[in-house]
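# Per-entry structural report
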Amino acid sequence: MGLTAGVLAIDAGNSKTDVAVIGSDGTVLATSRGDGFRPPAVGLDTAMNTLTATVDRALTESGAASVSHVSACLANADLPAEEEQLTAALAACGWGTTVEVRNDTFAILRAGVAEPRGVAVVCGAGINCVGMRPDGRTARFPAIGRISGDWGGGWALAEEALWHAARASDGRGEPTALAAALPAHFGLSGMPALIEALHLEHVPVARRHELTPVLFATAAEGDGIARAIVDRQAEEIVTMAVVALTRLSLLDEETPVVLGGGVLAARHPLLDDRVHALLAERAPKAVPRVVTESPVLGAGLLGLDRVSAGADAQARLRAYYAG
């Protein structure tokens, strides 16, 4: 019979899944990486089969048959009902004695703070925000798009840039350098050609995200429309952070605000500076930092919190992912 490890940490995003089997002392016994976790796109059974293959590889390498606790931070666990469904699915796999499923934004938050206390805003393909306190209280948003009041992330930024560029091109909107910069990125002559290429999918839909860096470059060159879009993104990021801080009664306490996701991790100066300026104005005691640690570290730390591992165990786990 195999050993029982302390924590099975899972960070499963849309594009990839990272798994770590962790001893109760914070030692990483094994890791594995697999494909993304996308139940809405492929169905729960298929998504779970993919996740199971990744977990089984890590458990086999670690020599552990099971763990005390499964700490899973999963993409698409946006609503309590989804967390309950996914908790049941993971519990049925028999990997651990207890199972806790959270949205994957919690992994980024916990990776970026010394204790389970703070707020994280993730701006990647989309946007999300969560907060937590050591007593278990959390703040969160549904973060499922415009129907839940969200705006931002790489996809929304690209669409907003296209909207303004199209209107500038045909005369309905104000002039903007985006009208030339966006089609030029794909080697096209102008917005009419880009609109046609996107509509007929001569440029694949998935490539629209490539326009986000073009937007930031155009803003950096001084284009007013592009800068206004960047400013709007900063406003959304800070609004979410301030609301989460307020909900957790942390607005008047020195509190980490962790910034993650591809858009924020790119450290675009205009966005970075505007976010910091707005936070200084609206949440003066917030301490912002861009997180660079692996999200699976956060899932592991949440697991060690749950099994009441000490500071030495947490430090050992952090040291592993630091280097």
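Our structure is the block above this text.
I will try to describe carefully the structure that is included in this document.

Cut-offs used in this document
Residues numbered from 1 in each chain as written. Predicted model: local features only at pLDDT ≥ 70, side-chain atom pairs only at ≥ 80, totals over all residues. Heavy atoms only, no water. Buried < 20%, exposed > 50% of the residue type's maximum accessible area, 1.4 Å probe, protein only. Helix = DSSP H or I, 4+ residues; strand = E, 2+ residues; numbered from the N terminus. Pairing = 2+ DSSP bridges. Core = buried A, V, L, I, M, F, W, Y, C linked by side-chain atoms within 4.5 Å. Contact = heavy atoms within 4.5 Å. Polar contact = N/O pair within 3.5 Å; in protein donor to acceptor, adjacent residues only side chain to side chain. Axes fitted to C-alpha atoms, helices over the stretch in contact; angles between N-to-C directions.

## Section: the pairing of strand 2 (residues 16-22)
Along strand 2, six of the seven residues are buried, which leaves the element largely enclosed by surrounding structure. Inspection of the sheet shows strand 2 paired to strand 3 (residues 28-35) by seven bridges, in the antiparallel sense. Note on strand 3: the bridge partner recorded for Asp18 is Arg33. Taking the residues that link successive antiparallel strands as the turn, the strand 2-strand 3 hairpin has five residues, and the phi of Gly26 there is positive, at about 90°.

## Things to note about the nonpolar core
Ranked by internal contacts, the top residues of the largest apolar core, which has 55 residues, are Leu178, Leu182, Ile237 and Leu271. Per element, the largest residue contribution to this core is twelve residues, and it comes from helix 9 (residues 224-247). Leu178 has contacts with Ala161, Ala165, Pro183, Leu215, Thr218, Asp223, Ile225, Ala226 and Ile229, leaving out every residue within four places of it along the chain. Among the nonpolar cores identified, the runner-up in size contains 27 residues, and Val7, Phe106, Leu297 and Leu317 belong to it.

## Some words on the side chain of Gln233
Checked against the element boundaries, Gln233 lands in helix 9. Overall, the relative accessible area of 0% leaves Gln233 in the buried class. A distance of 2.8 Å separates a polar side-chain atom of Gln233 from the backbone nitrogen of Gly153. Here Gln233 is in contact with Cys123, Ile127, Trp151, Gly152, Gly153, Leu157 and Leu271, once residues within four sequence places are set aside.

## Some details on the sheet that holds strand 10 (residues 286-290)
Ordered by their spatial adjacency, five strands build an open sheet running 8-7-6-9-10, and the pairing between neighbours is mixed. Only two strands of the sheet have a single partner each, and these edge strands are strand 8 (138-140) and strand 10. Shown here is a sheet whose adjacent strand axes are inclined to one another by a mean of 15°, direction ignored. Bridging between strand 6 (residues 118-123) and strand 9 (residues 255-260) involves four bridges; their strand directions are parallel. Bridged to Ala120 within strand 9 is Val258. Packed on one face of the sheet, helix 9 meets strand 6, strand 7 (127-132), strand 8, strand 9 and strand 10 and runs near 25° to strand 7.

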